[in-house]
Amino acid sequence: GLDPGTRHFGWGVVRRLGTRLSHVAHGVFDVERVGELGQRLVAIERGLVEVIDHYQPAQASIESLFFAKDAQAAAKLGHARGVALLVCSRAGLDALEHAPARVKRTVAGAGRADKAQVAQMIRVVLGLPEVPRSDAADALAIAVTHLQGHRLAAAAARPLKAAGP
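From a predicted model like this one, the values you see are computed outputs, not experimental measurements. All residue numbers here refer to positions counted from 1 along the written sequence of the relevant chain. Confidence filtering applies because this is a predicted model: local features only for residues at pLDDT of at least 70, side-chain atom pairs given and counted only at 80 or more, and all residues used for totals across whole chains, interfaces and linings. Excluded from the side-chain calculation are hydrogens and water; included are all heavy atoms of the structure.

I'd like a description of the overall build of the chain, backed by residues and values.
Helix and strand counts for the chain stand at five helices and five strands. Listed by position from the N terminus, the elements making up the chain come as β-β-β-α-β-α-β-α-α-α. Every residue pair with non-hydrogen atoms within 4.5 Å of one another is taken to be in contact. In the chain, the proportion of contacts linking residues at least 24 apart, taken out of those at least 6 apart, comes to 61%. Looking at the chain as shown, the accessible area adds up to about 9,700 Å², and 54% of this sits on carbon and sulfur atoms. Runs of E in the DSSP output that reach at least two residues are strands. Runs of H or I that reach at least four are helices, and both are numbered from the N terminus. Per-residue accessibility takes into account occlusion by the displayed protein chains alone, with areas from the Shrake-Rupley method and a 1.4 Å probe.

Spelled out as C-alpha cells, the structure:
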C-alpha cells in the first residue's frame, strides 16, 4: 500500500493468507529536508525501489487522486504519485487505485473517518503493538482495502452453487 506525499511518503506491506491479513512491514520516507521537489522525488524513488526489492510484493495499491483546495499541493501530490506509479510499473506491478473514502469505509466503517480512527483500526486489524505513524497507517489501510476488495471480487467471480431442495 502506498500513501504518496512529497514530504512524507507512507508505505505498508500486508500479506493475506486465506482470509487472514498479517502485517509484514511499514514505514515513512521523510524527505521534507532532502531539498527541492526534484531531489525529494529522487529520494522517494530510491526508497520505494529498496522496499519493493526487499519485500517483493505481488501487487501494489495506491490512494487515488482527490481534489484538494490547494492546486499547488495537488500538483505536488501528483508528482509523488507519478514516481510511485513509475517505480511499480518498472517492477512489473500494477498499482491499483483506491479512493480515500473507500479506504476509510473499508477500514473504519465510515467514509468520513478521521486519520486517528483509521490508524487505530489498522492497529487492531493487523494486531500491531502500537498505532503506526499517520502516513504509514494510511498506506497499510490502502493495502488492507486492496486485499479485502480483491478477496470480495474473487468470491463474486466464483460460480454460485445451486441451493439444495
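Back to the write-up after that little detour.
Go over the packing of aromatic side chains with me, naming the residues and quoting the values.
Any two of the Phe, Tyr and Trp rings considered here, Trp counted by its six-membered ring, make a pair once their centres fall within 6.5 Å; the pair's planes then place it as stacked at under 30 degrees, edge-to-face at over 60, or tilted in between. The tally for this structure, following the rule as stated, stands at three aromatic pairs. By way of ring pairs, the aromatic residues F9, W11, F29 and Y55 are connected into one cluster.

So, the side chain of R81: which residues are in play, and what are the values?
Mapping R81 onto the fold places it in helix α2 (residues 71-90). For every residue, the accessible area (1.4 Å probe, protein chains only) is compared with the maximum for its type, and the residue is labelled buried under 20%, exposed over 50%, or partly exposed between those bounds. For R81, a relative accessible area of 7% gives the class buried. We define a polar contact as two N or O atoms separated by no more than 3.5 Å, with the added condition that, inside protein, one atom must be a possible hydrogen donor and the other a possible acceptor, whereas residues neighbouring each other in sequence contribute only through side-chain atom pairs. At 2.8 Å, the side chain of R81 forms a polar contact with the side chain of E97. Excluding anything up to four places from it in sequence, R81 contacts P4, I62, E63, S64, L65 and E97.

An account of the environment of A136 is needed here, citing residue identities and associated values.
One can find A136 in helix α5 (residues 134-157). Between the C-alpha atoms of A136 and D3, which are 133 residues apart in sequence, the distance is 7.4 Å. Ignoring any residue separated from it by four or fewer positions in sequence, one finds A136 in contact with G10, W11, H26, G27 and V28.

Residue-level account of helix α3 (residues 100-108), with values.
An α-helical segment advances 3.6 residues per turn. Residues three or four places apart therefore align on the same side. Taken as a whole, α3 has its buried residues at P100, V103 and V107. Seen end-on, α3 carries its buried residues on one side only, within an arc spanning 60 degrees. Trailing α3 by a residue or two, G109 shows a phi angle of about 85 degrees, which is positive. In this description, one arc is meant: the one made by directions from the helix axis to the C-beta atoms.

Requested: an account of the packing of α3 against helix α4 (residues 115-126), with residues and values cited.
Fitting a line to C-alpha atoms yields each axis, with helices limited to the stretch in contact; the angle taken between N-to-C directions then spans 0 to 180 degrees. It is the contact of α3 with α4, at a shortest axis distance of 9 Å, that shows an interaxial angle of 45 degrees. Relative to α4, α3 is oriented oblique. As α3 runs across α4, the sense of the crossing is left-handed. Between α3 and α4, the residues in contact are K104, V107 and A108 and V118, M121 and I122, respectively. Of the residues in the contact of α3 with α4, the class split is five nonpolar, no polar and one charged. Should an angle fall under 35 degrees it is called roughly parallel, over 145 degrees roughly antiparallel, and 65 to 115 degrees roughly perpendicular, with every other angle called oblique. Handedness of a crossing follows from how the near helix is turned relative to the far one, being left-handed for an anticlockwise turn of less than a right angle and right-handed for a clockwise one. For this scheme, ten residues count as nonpolar: Ala, Val, Leu, Ile, Met, Phe, Trp, Tyr, Cys and Pro. Four count as charged, namely Asp, Glu, Lys and Arg, and the remainder, Gly too, count as polar.

Quick rundown of the side chain of D3? Include the residues and the values.
Tracing the chain through its elements places D3 in strand β1 (residues 2-3). Asp and Glu are treated as the negative residues and Lys and Arg as the positive ones, with His and the ends of the chain left uncounted. Salt bridges are counted wherever a side-chain nitrogen of Lys or Arg sits within 4 Å of a carboxyl oxygen of Asp or Glu. In this structure, D3 is buried with no salt-bridge partner, the nearest side chain bearing the opposite charge being K115 at 4.9 Å.

Can you lay out the confidence of the model for the chain for me, pointing to particular residues and giving the numbers?
Every residue gets a pLDDT, meaning the predictor's confidence in that residue, from 0 to 100. Mean pLDDT for the chain: 88, with 88% of residues reaching 70 or above. Considering only residues more than four positions removed or in separate chains, one finds that residues 151-165, a stretch of pLDDT under 50, has two contacts.

Lay out the pattern of salt bridges in plain terms, naming residues and giving numbers.
When charged atoms on two side chains of opposite charge get close, those side chains can pair. In the structure shown here, the tally under the stated rule is three salt bridges. A salt bridge links K115 to D138, with the nearest nitrogen and oxygen atoms 2.2 Å apart. Residue K115 is located in helix α4, and its partner D138 is located in helix α5; the two are separated by 23 residues in the primary sequence. Owing to a relative accessible area of 46%, K115 belongs among the partly exposed residues under this scheme.

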